[in-house]
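The lines below spell out each chain.
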Amino acid sequence: MPTRPRPLVAVRLIGPTTAVTGHAATIAAQLTAHYGRERVTCRTSTRHAGYSGESRTYITITRKEPR
């Protein structure tokens, strides 16, 4: 099984769903622009947090693998 490349950046946001959603979109766009859309892949994943009305969002930035 091929191994995944190590992320350049990994961010975890936890808080009220509305706030986390807005911040995650902004942070993902800024990181992608900073590292260059052509060179990196940005992935986000959202899950429920431990409290009602809260969520966890994970953002990872990895280098694109050559094809």
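Okay, so let's go over this structure. (Residues numbered from 1 in each chain as written. Predicted model: local features only at pLDDT ≥ 70, side-chain atom pairs only at ≥ 80, totals over all residues. Heavy atoms only, no water.)

**Here's the deal with the environment of P5**
Within the secondary structure, P5 is located in the segment before β1 (9-16). The exposure class of P5 is partly exposed, given its relative accessible area of 34%. C-alpha separation for the pair P5 and V40, spaced 35 residues apart in sequence, amounts to 11 Å. Setting aside residues no more than four positions away along its own chain, P5 makes contact with T62, R63 and E65. (Helix = DSSP H or I, 4+ residues; strand = E, 2+ residues; numbered from the N terminus. Buried < 20%, exposed > 50% of the residue type's maximum accessible area, 1.4 Å probe, protein only. Contact = heavy atoms within 4.5 Å.)

**Some details on the nonpolar core**
Formed by L13, V20, A24, A28 and I59, the largest nonpolar core amounts to five residues. With three residues, helix α1 (residues 17-35) is the single largest residue contributor to this core. In this view, A24 contacts L13, T57 and I59; residues no more than four positions away in its chain are not counted. (Core = buried A, V, L, I, M, F, W, Y, C linked by side-chain atoms within 4.5 Å.)

**Here's the deal with the sheet that holds β1**
Strand order in the open sheet formed by three strands is β1-β3-β2, and the pairing between neighbours is antiparallel. Edge positions in the sheet fall to β1 and β2 (40-48), since each of these pairs with one other strand and no more. For this sheet, the mean inter-axis angle between neighbouring strands, taken without regard to orientation, is 15°. Of the pairings in the sheet, the one linking β1 to strand β3 (residues 54-63) comprises eight bridges and is antiparallel in character. Of the residues in β3, the one forming a bridge with V11 is I59. (Pairing = 2+ DSSP bridges. Axes fitted to C-alpha atoms, helices over the stretch in contact; angles between N-to-C directions.)

Geometric values such as these leave the question of function open.
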